[in-house]
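# A look at the structure
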Amino acid sequence: MEYDFYTLGVLYLVYSFAGWVGETVVATVRGKHFANRGAAAGPFCFVYGSTAVLLAVGFTDLRSNPVYLFFACTLASTVMEWLTAKLLERLHRRKWWDYSGKRFNLNGYVCLQYSLLWGVLGTASVLWLNGLLLRLCQAIPSWLLHPLVWAAVIVAALDQIGSAVLVGHYAAKHPVLEQLNQRLGESSDGLRRRIALYVEKRIQRAYPAAARQEPTIAQNGETPLSAADLLWLFVVGAFLGDLVETVFCRLTAGVWMSRSSLVWGPFSVVWGLALALTTVLLRQNQDKSDRYLFVFGTVMGGVYEYVCSAVTELLFGTVFWDYSKFKFNLGGRINLLYCFFWGMAAVVWMRYGYPVVMKCMTRLRSRVRPWMTVLLAVFMAVNMVTSSLALARYDARTSGVPAANAVETYLDAHFDNARMERIYPNAKKVEKAG
């Protein structure tokens, strides 16, 4: 199956709506009153859409092996549910659902029975439902499909982001719905307050666990990470990841080679995002055992690396690593040994790396001016955009597509094949069918 922005947009919207319908029906039957599920104002549960896109992009190449596909969908869906629960708790300072009463649960966020259900549903979507949706997309003229998808995705994104920001802002000040109602009743300044009130009421009715307002770790004195903290953690993690991989290649293969994800500087985006995400999710669990951190890192790292491989192949038509020669590999995208490395990295980072980095950041915070952080953010954004454009142009150029505009001409002149092969020595172009 060949996916592009428009077909993935359709999958995202259809599964988000289907997830909302399913959740609302189940919650309504169980609660014996209408429960409008979802975190946004519209009839969507976007975690379903995001998961469906993740499974479609990441696991389509496993369709020939339904057993592997089922376990992959189960694991990826469980990780997505766990991440969603943690991020919603961080944003709204409360738990939205709690599976603590069910057997084989993890911190009340996920449980075995629902994980198996997500595995079945995910397998069905990849094997049959996505193909049906693709055929429906092909039946719609592109002049109609493209603007409809753009408009729907933009509205959905604004709905999701706006609702999250508004409710998160008011939830921080008014953790109880009655307080929010009182404040909004005293003074109303327009649409943003009405949306916040509507979504807050909806959350309170649809998610009883959230309505109980049990204190979370974020409410019990833990200092939240700022956007600047996350940026610096990402950059430090990207640099350290590139350094570790470079030394590892030297020790194991006997050669020095570039392990950077970007065209300027020794930065591995995969490692930067991984360490920043690990910090956000595990910083309140630093007292957990090394075994817990290791298992978390092994599972999360494996899913994360697999998805990164699939997404970069989809976007740039290039495979940046191939583990086909390793034992216990899955599609050449991950292998068991390197999953264990992710687990060890999680233990080392949370036990030693993160505390040291945070101490250094605390000492340097008074010396790091806001303009320095802004300058770093601009540099990394430009670096990532330029790298993406250079990789996309590299893929097109090696396919025989000539430069069509001034930007592509500039990329051909400054990021020719020789330079791209030095930066990405392990990259292999994927031969496209047809």
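Residue numbers restart at each chain and count upward from 1, following the sequence in its written direction. Local features in this predicted model are restricted to residues whose pLDDT is 70 or higher, and side-chain atom pairs enter the listing and the counts only when it is 80 or higher, whereas totals over whole chains, interfaces and linings include all residues. The basis for every side-chain value is the complete set of heavy atoms in the structure, and neither hydrogens nor water enter the calculation.

## Side note on the overall build of the chain
A count of helices and strands for the chain gives 15 helices and six strands. Using a 1.4 Å probe on the protein chains alone, a residue whose accessible area is under 20% of its type maximum counts as buried, one over 50% counts as exposed, and one in between counts as partly exposed. Within the chain, the proportion of its 434 residues that are buried is 46%. Whether two residues are in contact is decided by their heavy atoms: any pair within 4.5 Å suffices. Intrachain contacts of the chain at a sequence separation of at least 6 include 71% that bridge at least 24 residues. A run of DSSP states H or I qualifies as a helix once it reaches four residues; a run of E qualifies as a strand once it reaches two. Both are numbered from the N-terminal end.

## Here's the deal with the packing of aromatic side chains
We call Phe, Tyr and Trp rings a pair once their centres come within 6.5 Å, taking the six-membered ring for Trp, and we label the pair stacked below 30 degrees between planes, edge-to-face above 60, and tilted otherwise. Inspection of every chain in the model, using the stated rule, returns 26 aromatic pairs. The interplanar angle of 20° and the centroid separation of 6.0 Å between the aromatic rings of Tyr114 and Trp118 together place this pair among those described as stacked. Here Tyr114 pairs with Trp118, and both are found in helix α4 (residues 112-139), just four residues apart, close to one helical turn. What makes Tyr114 buried here is its relative accessible area of 14%.

## Points about the pattern of salt bridges
For salt bridges, the criterion is a side-chain nitrogen of Lys or Arg within 4 Å of an Asp or Glu carboxyl oxygen. If you walk through the whole model with that rule in mind, you get seven salt bridges. When the shortest N-O distance is used, the salt bridge between Glu313 and Arg333 registers 3.0 Å. Of this pair, Glu313 sits in helix α11 (residues 290-316) while Arg333 is found in the loop between β4 (329-330) and β5 (334-335), placing the two residues 20 residues apart along the sequence. The partly exposed category is assigned to Glu313, whose relative accessible area is 22%. Judged by relative accessible area, which is 8%, Arg333 ranks as buried.

## What to know about the packing of helix α10 (residues 269-282) against α11
Each axis is a line fitted through C-alpha atoms, taken for helices only over the stretch in contact, and angles between the N-to-C directions span 0 to 180 degrees. The interhelical angle for the contact between α10 and α11, taken along N-to-C directions, is 140°, at an axis separation of 11 Å. Taken together, the axis directions place α10 and α11 in an arrangement best described as oblique. Viewed along their axes, α10 and α11 form a crossing whose handedness is right-handed. Across the interface between the two elements, Val269, Val270, Leu273, Ala274, Leu281 and Leu282 from α10 touch Tyr292, Leu293, Phe296, Met300, Tyr304 and Cys308 from α11. Residue classes follow a fixed rule: Ala, Val, Leu, Ile, Met, Phe, Trp, Tyr, Cys and Pro count as nonpolar, while Asp, Glu, Lys and Arg count as charged, and any other residue, Gly among them, counts as polar. Looking at the contact of α10 with α11 residue by residue, the classes come out as twelve nonpolar, no polar and no charged. Roughly parallel means an angle under 35 degrees; roughly antiparallel means over 145; roughly perpendicular covers 65 to 115; every other angle is labelled oblique. With the far helix as reference, a near helix turned anticlockwise by less than a right angle produces a left-handed crossing, and one turned clockwise produces a right-handed crossing.

## Notes on a nonpolar patch on the surface
Together, Phe248, Phe326, Phe328, Leu336, Leu337, Phe340, Phe341 and Met344 give the surface a local cluster of nonpolar side chains, amounting to about 720 Å² of exposed area. The biggest single contributor to the nonpolar patch is helix α12 (residues 336-364), with five residues. Within the element layout of this structure, Phe341 appears in helix α12. By relative accessible area, Phe341 is classed as partly exposed at 31%. Only residues above 30% relative accessible area that lack a salt bridge enter a patch, with like-charged residues linked at up to 9 Å and the nonpolar side chains Val, Leu, Ile, Met, Phe, Trp and Tyr linked at up to 5 Å. Note on areas: these come from Shrake-Rupley sampling with a 1.4 Å probe, and a residue is covered only by the protein chains present in the view.

## Quick look at the confidence of the model for the chain
The predicted structure's coordinates, where accompanied by low pLDDT, should not be read in detail. pLDDT measures the predictor's confidence residue by residue and takes values from 0 up to 100. Residues with a pLDDT of 70 or more make up 81% of the chain, whose mean pLDDT is 81. Helix α6 (residues 177-186) is the least confidently modelled element of the chain, averaging 46 in pLDDT, while helix α14 (residues 406-414) averages 93, the highest of any element. Residue range residues 174-188 is modelled with pLDDT below 50. Its contacts to residues more than four positions away, or to other chains, number 17 contacts.

## Overview of the packing of α11 against α12
Their axes nearest at 7 Å, the elements α11 and α12 cross at an angle of 125°. Taken together, the axes of α11 and α12 lie oblique to each other. For the element pair α11 and α12, the recorded crossing hand is right-handed. Together, Asp290, Leu293, Phe294, Gly297, Thr298, Gly301, Gly302, Tyr304 and Glu305 of α11 and Cys339, Phe340, Trp342, Gly343, Met344, Ala346, Val347, Met350 and Arg351 of α12 make up the contact between the two elements. Counted by class, the contact of α11 with α12 contains ten nonpolar, five polar and three charged residues.

## Quick look at the side chain of Thr78
Tracing the backbone shows Thr78 in helix α3 (residues 66-92). By the criterion applied in these results, polar contacts are pairs of N or O atoms within 3.5 Å in which, for protein atoms, one can donate a hydrogen and the other can accept it, and in which residues neighboring in sequence qualify only through two side-chain atoms. Polar side-chain contacts of Thr78 include one of 2.7 Å to the backbone oxygen of Thr74.

## With respect to α10
Here, expected helix span is obtained from the residue count minus one, scaled by 1.5 Å. Here α10 contains 14 residues, and its C-alpha end-to-end distance of 20 Å stays within 8% of the 20 Å for a straight helix at 1.5 Å per residue. By the criterion of burial, α10 is predominantly enclosed, with twelve of the 14 residues buried. Where α10 is concerned, the buried positions are Val269, Val270, Trp271, Gly272, Ala274, Leu275, Ala276, Thr278, Thr279, Val280, Leu281 and Leu282.

## Observations concerning helix α13 (residues 370-398)
Owing to its 3.6 residues per turn, the α-helix brings residues three or four apart onto one side. Relative to the 42 Å expected for 29 residues at 1.5 Å per residue, α13 spans 42 Å between its end C-alpha atoms, a close match to the ideal helical length. Residues of α13 that are buried include every one of Thr373, Leu376, Met380, Asn383, Thr386, Ser387, Ala390, Leu391, Arg393, Tyr394, Asp395 and Arg397, and no others. Residues of α13 that are buried sit in contact with α9 (227-253), α11, α14, α15 (417-423) and β6 (428-429).

## Here we look at the nonpolar core
We define the nonpolar core as a collection of buried residues of types Ala, Val, Leu, Ile, Met, Phe, Trp, Tyr and Cys that are connected through side-chain atoms lying within 4.5 Å of one another. Counting 67 residues, the largest nonpolar core has Phe59, Trp82 and Leu233 as its most contacted members. The leading source of residues in this core is α12, at eleven residues. Apart from residues lying up to four places away in sequence, Trp82 is in contact with Leu106, Asn107, Tyr109, Val110, Leu281, Tyr292 and Phe296. Tyr3, Tyr12, Ala52 and Val149 belong to the second largest nonpolar core, which has 21 residues in total.

## Quick look at unusual backbone geometry
Even without being a glycine, Phe104 presents a positive backbone phi close to 55°. Mapped onto the secondary structure, Phe104 falls in the loop between α3 and β1 (105-106). The phi dihedral of Phe328 is positive, around 55°, even though this residue is not glycine.

## Focus on the environment of Leu337
In this fold, Leu337 is placed in helix α12. For the pair formed by Leu337 and Thr298, sequence separation is 39 residues and the distance between their alpha carbons is 9.6 Å.

## Focus: the side chain of Thr24
Structurally, Thr24 is set in helix α1 (residues 5-31). Here Thr24 falls in the buried class, since its relative accessible area comes to 5%. Polar contacts involving the side chain of Thr24 include one to the main-chain carbonyl oxygen of Trp20, which spans 2.7 Å.

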